[in-house]
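Each chain is listed here by its residues.
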Amino acid sequence: MEPDRDDAAEQGTVVTPSAEFPPLGAEERAALGRLGARWHGPRRADDLPVDPTLGRRDHRPQPTRFGRLTPIDLFTVAEPDELIAAGPAHLPDDRRGRALSRLRRTLVGPPLASSSVLYERMRKLVALPVLSSDLLSSVAYGPEAMLAVLVLAGGAALGLALPLAALLVVLMVAVGLSYRQTIPAYPHGAGSYIVAGDNLGRTPGLAAAAGLMLDYVLTVSVSVAAGVHAVTSALPGLTRWTVPLGVLVIAVLLAGNLRGVRTAGNIFVLPTYAFVVVVLAVLAVGYAKAAGRGFAPVPPPAVPAAEGLGLLLVLRAFSSGAVSMTGIEAVSNAVPAFRPTEWRNARTTLGWMVAMLVTLFAGLVGLIHLDGLVPRADETVLSQLGRVTFPTGPWYAILQATTALILLLAANTAFNDFPRLLFFMARDGYAPRRFLHMGDRLAFSNGLIALALAAVVVFVAFGGRTERLIPLYAVGVFFAFTLSQAGMVVHWRRRRGRGWRRRLAVNAVGATLSGLVLLTAAVAKFTEGAWVVVVAVPLLVLLFRRIHRHYATVHRALALHPPPPHAPPGPAGSAEGEELPQQVRHLVVVPVARLNRASLRAMAYAASLGRPTLAVHIAPEEAEADRFREQWRAWGDHLRLETIVSPYRAVIGPLAHYLEALHTARPELTLTVIVPEVVLRRRRHRLLHSRAEQRLRAALRPLPGVVVTSVPVHVSH
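For clarity, every value in this text was computed on a predicted model and none was experimentally measured. (Residues numbered from 1 in each chain as written. Predicted model: local features only at pLDDT ≥ 70, side-chain atom pairs only at ≥ 80, totals over all residues. Heavy atoms only, no water.)

A.B. asks: Looking at this structure, I do not really get the nonpolar core. What am I missing?
C.D. replies: Nonpolar side chains in soluble globular proteins tend to be buried together. One finds Met 425 and Phe 478 to be the most contacted residues of the largest nonpolar core, which totals 143 residues. Contacts of Met 425, omitting those with residues within four sequence positions, involve Tyr 193, Leu 206, Ala 209, Met 213, Tyr 430, Ala 431 and Phe 544. Membership of the second largest hydrophobic core comes to 20 residues, among which are Ile 652, Val 675, Leu 700 and Val 706. (Core = buried A, V, L, I, M, F, W, Y, C linked by side-chain atoms within 4.5 Å. Buried < 20%, exposed > 50% of the residue type's maximum accessible area, 1.4 Å probe, protein only. Contact = heavy atoms within 4.5 Å.)

In structure tokens:
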């Protein structure tokens, strides 16, 4: 089936470095043209004192006083009016900045050009381990989470594990088929946020985004907690180092992902495939042993009942086992990360993932039942299964090593999808714009860092205990599943293309089953911690809407509003309403503390602009004001001087209030405040100076229509 392509899909992936610079809309383009027609200013290239293209001539390197050869050109000319910044142009000029830049390149790698974004995508064999590590690794703790609830009713209740596992397999297949349909319908990336927002409305879309964000943070925390638990099961002496080990793993994952998609993918290929092979070996050997005894189950050890066996306990066990499905939506979120044809490769990868999940989950639950294993506080069920299956030889150690490794690396799925979710939300104005930015390695560095910090906070707050985090886990992910699949039902009803009824039925089944799991998890685990997610989702939606409201306000304030076509040019009503050069009327103000080289240079610069200029001096007493006026007359009284006596010795406050009074009296004027500034070469010398120019700049920043600039005088020692 060919995908239903929309405008974004026709233009290719929307995940590009240019997303930080959205194009103007049709109305603003028209307004821009009308403004340009009324613009009166220099238009010829020879009006500038330098060549704006910095055109280069072929020349040989010449020796300089600093070295044998001249520095490499920082810019190259691509077209007559276009320059391309070369690599050295990105390096800081100061020694400290260059040292930090070298350290960053050592940790992250050299920067990649924007044109390399296509080559940073993944082929299927790399995408499978990168995007399935969370999904496949959940079989290491999902069956145990289900059994840990059933065993509360005693050993006899463990027999319910098989029918519950069968229901979960049906749920896995239904949700997997639903997302396989979502991928071609949204070939540019089909996260629950986009699908729910397009079809159910903006609020459901934001709610789905909130659920996914919580899911991704918990994915990192739970995966790392389970991985550390696997390590401490084999090496009990490390138990007291659980929290530091988990924080260290999160830091390593962050560093790996900051190096880019391809580098991160290469890191996770071998551990994921090794885990799958080893678990399949456990299943093969375990079922072969069970066949030798006629598949007769080993009686589990006697476990006293702590609770009565009832419907609520069964529902809790079912929802706990459902955490094995977390990460099933990862492929649909990351379609743009695949190589072309993106949607086709993504759909194939998802099919492989679901097939592997069903095989491993069902096989492990069945084998655990046949071997009569029960959850224990000091050892995971998978570790017990490994000891029973491989009592001798190195295979148990290999199983624990690969399990720990994939659990620790399973958080990479969240590191792949969380920044993309923030990218889509920031593009729509519901998340900070900084999440649109691609770092040196074409990864969303800000989103990766935000995820790592949030995961560390959650991991430390819960002490790295998997059983404490699981109740929070299922609600958020199945909330997003339900909204996404319900959105696809509406999508098929609207499109009504070929075979739409069949596709609608598949997504309806997925939505219904996901909704039942969501309701079960929210009710059964509410007091165990699920209430945190129930409360957090509406709060996050409110936060997203506040962010969007702020960006909408800023956009309205900065949108182009040209004057009427036939209105004569003249001064604007307010100093920040100017859009044409002939509308700008200046008053230049120069604060002067004392007459020295810095203040004289600032006044010379102000006078060279050819605009009305006023010098202002703040004196602590009348005697000093008289002395300064005498010095001013000795200089020649070239500019108008205003002297303000501040008997309480404050400088910044009286000056700021005076400028505010000037602005209030003539709001159509642009006050250009030119501040003389002494620039010191050594940082330690700054402590010896008051830095009044910075405090004045901070005091004047809230005033509209006030421009603050500085004229530096550099001190070289």
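A.B. asks: Where do I start with the packing of aromatic side chains in this structure?
C.D. replies: Aromatic rings considered in pairs are described by the distance between their centres and by the relative angle of their planes. As enumerated under the stated definition, the model contains 7 aromatic pairs in all. Ring plane angle 70° and centroid distance 5.8 Å describe the contact between Tyr 179 and Phe 481, whose orientation is recorded as edge-to-face. Of the two residues, Tyr 179 is situated in helix H6 (residues 161-185) and Phe 481 in helix H18 (residues 466-495); the sequence distance between them amounts to 302 residues. The buried category is assigned to Tyr 179, whose relative accessible area is 0%. Linked through ring pairs, Tyr 179, Phe 478 and Phe 481 together constitute an aromatic cluster. The aromatic ring of Tyr 551 is capped on one face by Arg 433, whose charged end is 4.6 Å from the ring centroid. Taking the ring centre of Trp 492 as reference, the NZ or CZ of Arg 503 above it sits at 5.5 Å. (Phe/Tyr/Trp six-rings, centres within 6.5 Å; stacked < 30°, edge-to-face > 60°. Helix = DSSP H or I, 4+ residues; strand = E, 2+ residues; numbered from the N terminus. Lys NZ or Arg CZ within 6 Å of the ring centre and 35° of its normal.)

A.B. asks: What is the right way to read helix H9 (residues 242-258) from this model?
C.D. replies: The periodicity of an α-helix, 3.6 residues per turn, causes residues three or four positions apart to be oriented the same way. Compared with an ideal rise of 1.5 Å per residue, which puts 17 residues at 24 Å, H9 spans 25 Å between its outermost C-alpha atoms and is within 8% of the ideal. Taken together, the buried positions of H9 are Thr 242, Gly 246, Val 249, Ile 250, Leu 253, Leu 254, Gly 256, Asn 257 and Leu 258. (Expected span 1.5 Å × (residues − 1).)

A.B. asks: Mind showing me how you'd approach the side chain of Thr 380 here?
C.D. replies: By the secondary structure assignment, Thr 380 is in the loop between helix H13 (342-371) and helix H14 (381-389). Beyond its immediate sequence surroundings of up to four residues, Thr 380 is in contact with Glu 144, His 229 and Ser 233.

A.B. asks: What is the right way to look at the sheet that holds strand S7 (residues 706-715) in this model?
C.D. replies: Consider a sheet: its strands pair through backbone hydrogen bonds, and that pairing is either parallel or antiparallel. Taken in spatial order, the 5 strands of this open sheet run S5-S4-S3-S6-S7, and their pairing is parallel. Single-partner strands in this sheet number two, and they are strand S5 (640-645) and S7. Taking each pair of neighbouring strands and ignoring which way they run, the sheet shows an average axis angle of 25°. By the bridge criterion, 4 bridges tie strand S3 (residues 586-591) to strand S4 (residues 613-619) in an arrangement that is parallel. (Pairing = 2+ DSSP bridges. Axes fitted to C-alpha atoms, helices over the stretch in contact; angles between N-to-C directions.)

A.B. asks: Is there a simple way to think about the pattern of salt bridges in this case?
C.D. replies: Pairing is possible between side chains that carry opposite charge, provided their charged atoms lie close to one another. Inspection of the entire model under this criterion finds 6 salt bridges. Arg 387 is paired through a salt bridge with Glu 379; the nearest N and O atoms lie 2.5 Å apart. Classification of Glu 379 by relative accessible area gives buried; the value is 7%. With a closest N to O distance of 2.5 Å, Arg 629 and Asp 626 form a salt bridge. Residue Arg 629 and its partner Asp 626 are located together in helix H22 (residues 622-635), separated by 3 residues, close to a single helical turn. A relative accessible area of 29% means that Arg 629 is categorised as partly exposed. Within this structure, Arg 376, Glu 379 and Arg 387 form a network of salt bridges that share partners. (Salt bridge = Lys/Arg side-chain N within 4 Å of Asp/Glu carboxyl O.)

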